[in-house]
Number of protein chains: 2
Amino acid sequence: MGPIRYLPALARVFALVALLAPVAHAQAQTDPLPSWNDGAAKQAIVTFVKDTTDRSSPKFVLPEARIATFDQDGTLWVERPMYAQVTYCLERVPALVKAKPELADVEPFKTVLSGNRQAMAELSMQDLEKILAATLTGMSVDEFNSQVKQWIETAKHPRWKRPYTELTYQPMQEVLQYFRASGYKTYIVTGGGQAFVRVYAERVYGIPPEQVVGTMGGTKFDYGKDGKPFLTKEPKLLLNDDHAGKVEGIYLMIGRRPYAAFGNSVGDQQMLEYTKAGDGARLSVLVLHDDATREYAYGPAQGLPDSKLGTFTQALYDQATMQGWTVISMKNDWKRIFAWEP
Amino acid sequence: MGPIRYLPALARVFALVALLAPVAHAQAQTDPLPSWNDGAAKQAIVTFVKDTTDRSSPKFVLPEARIATFDQDGTLWVERPMYAQVTYCLERVPALVKAKPELADVEPFKTVLSGNRQAMAELSMQDLEKILAATLTGMSVDEFNSQVKQWIETAKHPRWKRPYTELTYQPMQEVLQYFRASGYKTYIVTGGGQAFVRVYAERVYGIPPEQVVGTMGGTKFDYGKDGKPFLTKEPKLLLNDDHAGKVEGIYLMIGRRPYAAFGNSVGDQQMLEYTKAGDGARLSVLVLHDDATREYAYGPAQGLPDSKLGTFTQALYDQATMQGWTVISMKNDWKRIFAWEP
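Draft legend 1. Quick peek at the pattern of salt bridges. With the rule as written, the count across this model stands at 22 salt bridges over all chains. Residue A:Glu202 pairs with B:Arg256 through a salt bridge whose shortest N-O separation is 3.2 Å. Note that A:Glu202 is positioned in helix α8 (residues 194-205) and B:Arg256 in the loop between α9 (244-253) and β5 (260-263), a pairing that runs across two chains. Looking at B:Arg256, the relative accessible area reads 17%, which means it is buried. Of the charged contacts in the structure, one is a salt bridge between B:Asp38 and B:Lys42, with a shortest N-O distance of 3.5 Å. Beyond isolated ion pairs, a larger network of salt bridges with shared partners links A:Lys185, A:Arg256, B:Glu202 and B:Glu210.

Given below as structure tokens:
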């Protein structure tokens, strides 16, 4: 069993952007989406929810079929300069080497230990996979959960110097709550590790572990010295929950087509297509990162070439227009980005 | 990709038992379990639910953590003389051969087409796997769902001449409802195909597709001629949800340890161990088939050798006693077996 590919879109993430400036926001009302400016995006979301929950509407959807799926990185929280989970893996390396001192002189662990950010940014995809496999597998499920829990409670984002869990987008938190208040089951469907996101999803998003769909690894059942059964995380990929894998993951974990799906990158394309292809009212939404001041700017609106920082490519933008998806401009549609902004 | 192993405990099922006799039952009360006789099993279930839902109890469990898992075959409905899904696969063969006439003279399809029950009962495990792979994979998810739906609505059990969906155990239906009314999420955790059981689980058990954990096969994403995306069921096993696989399936699909688990065979052993090994109140339950008159009798109470019809072995019975699991005697604990009994 070789190293796994947990985050295949990884390489392009190593651009250490660093811009700064939180901005004022507006007051809440009875409005279900108080952090949103009036506009086409907000209107599309509200109309969709009203249509599918009004019994007299031809687009009414039975409560048990109300499924809404949300990509995490870049859709619910900040994904720059690096996916939180990749940062976790890199920051786990010292503890890993302490437990296995023989790794100290072995690449790529040696480079990570050096703390040389430039060298780390130049690690190859293969090297990263080795780091992911070594830090995400080989321990019991309980050990893993407590390692992630400890990290997520203490680690800070390099730009805002705040825990990652405070870098969720307040307008999207409102969408999650609005959907749930309207009888929707909200799911995370992430290319990140399912086990990783589950550790904090309930606290941070109000989404329980069973509603987190992510990249899935195998586990091995065994008995401990106390005779009690436990599971060990194995370096065996069951499903790469990205691109077409997101649709397969939805089928596996949910078993029905979502009525609404939110994403922000080419990794979400198939999920948005699959959602939109269903009968009746269907909502497919892309978050466009066009706010370099308050968050980050990357994607077609910035005129960046597709292959560079192009998780949101021009082709994807064009497809959204053609197929009637909704595009959220962070700059124009969101009054504020984070809950803690004054 | 070779044929998959959907139902590994299959071989021992081919014993075409046929006994007959529905029996009278008693009246309902405000009792949450009216089809149960008073006794240790009913008492254990009621005490567990009360303890875990009473805020003043030291064994109180927060609503979001209330997970109860149920094996299907032999625990929620009849599994003799053959698993319903295996019967489905055999009965699909004529339609399969109609679509692919070249299979008519190929074994094991030829034997199944012959209708010779004796010859079918003697099919090898490998032959059965070929039949399962051919009838459960290779079609779109939508096609598969409509094939199963049609079958489950029309097929009849050889003994009772009723649809399989009328052969669920009324006392277990009451347990499902009682748990849900007490804030538990009820899950099926079956060695059978996840996709198969999902087709009818909501109608028959009130359990939505996303709460069916079963043996999981891979799917392939593609676009149809109309440009719309669809999934095809592939002959690729992701997880054999039986024995230790049930614990892995629970981890994958639910992500937390159940507080209660119900099973009836060695395939449920690890799930019951894992459930019981948790902190606080945990309920692990085995259904013992000791009622040859009203249903079937197989397992240790019948003094059958472990290896023959031993899905419920003497060793499992002993383990239940040692580890404080609850054993349900169908004969003594259930006033009636089926809802339609007079």
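Draft legend 2. Highlighting the relation of the copies chain A and chain B. Once chain A is rotated about the relating axis by 180 degrees and shifted along it by 0.0 Å, it coincides with chain B to within an RMSD of 0.0 Å. When the rotation and shift are considered jointly, the pair of chain copies conforms to a two-fold rotation axis. Of all interface residues in chain A, 100% are interface residues in chain B too; the two copies therefore contact each other through one and the same surface.

Draft legend 3. The arrangement of the pairing of strand β6 (residues 283-290) of chain B in detail. Residue and element names in this part refer to chain B. Across the eight residues of β6, eight count as buried, placing the element largely inside the fold. Alternating positions in β6 separate into two faces, Leu283, Val285, Val287 and His289 on one and Ser284, Leu286, Leu288 and Asp290 on the other, with burial throughout. Taken together, the four bridges between β5 and β6 define a ladder with parallel strand orientation. The residue bridging alanine 260 from the neighbouring strand is leucine 283, located in β6. A crossover connection joins β5 to the parallel β6 through helix α10 (residues 269-276); in handedness this β-α-β unit is right-handed. Summarising the sheet, β6 and strand β8 (residues 326-329) pair through four bridges and their orientation is parallel. Within β8, the residue paired with valine 285 across the bridge is threonine 326. When β6 meets strand β7 (residues 297-298), the two strands line up antiparallel, connected through two bridges.

Draft legend 4. Broad picture of the interface of chain A and chain B. Counting residues at the interface gives 37 residues for chain A and 37 residues for chain B. Buried area between chain A and chain B, summed over both chains or domains, comes out near 3300 Å², and the portion from carbon and sulfur atoms is 55%. Sorting the residues of chain A by area buried against chain B places A:Glu210, A:Tyr251 and A:Leu252 first, and these three jointly supply 21% of that buried surface. Applying the counting rule to chain A against chain B returns six salt bridges. Between A:Glu210 and B:Arg256 there is a salt bridge, with the nearest N and O atoms lying 3.2 Å from each other. The tally of links from chain A across to chain B stands at 18 residue pairs in polar contact (both at pLDDT 80 or more). Elements supplying a minimum of two residues to the side of chain A that touches chain B: β2 (185-193), α8, β3 (212-223), β4 (229-239), α9 (244-253) and α10 (269-276) of chain A. Ranked by the residues each element gives to the side of chain A that touches chain B, the list is headed by α9(A), at six residues. Among the residues making up the side of chain A that touches chain B, the classes are represented as 20 nonpolar, seven polar and 10 charged.

How each quantity is defined
- Residues numbered from 1 in each chain as written.
- Chains lettered and ligands numbered in written order.
- Predicted model: local features only at pLDDT ≥ 70, side-chain atom pairs only at ≥ 80, totals over all residues.
- Heavy atoms only, no water.
- Salt bridge = Lys/Arg side-chain N within 4 Å of Asp/Glu carboxyl O.
- Helix = DSSP H or I, 4+ residues; strand = E, 2+ residues; numbered from the N terminus.
- Buried < 20%, exposed > 50% of the residue type's maximum accessible area, 1.4 Å probe, protein only.
- Least-squares fit on C-alpha atoms with pLDDT ≥ 70 in both.
- Contact = heavy atoms within 4.5 Å.
- Pairing = 2+ DSSP bridges.
- Right-handed = clockwise from strand over helix to strand, strands pointing away.
- Buried area = accessible area lost by both parts, 1.4 Å probe.
- Polar contact = N/O pair within 3.5 Å; in protein donor to acceptor, adjacent residues only side chain to side chain.
- Nonpolar A, V, L, I, M, F, W, Y, C, P; charged D, E, K, R; others polar.

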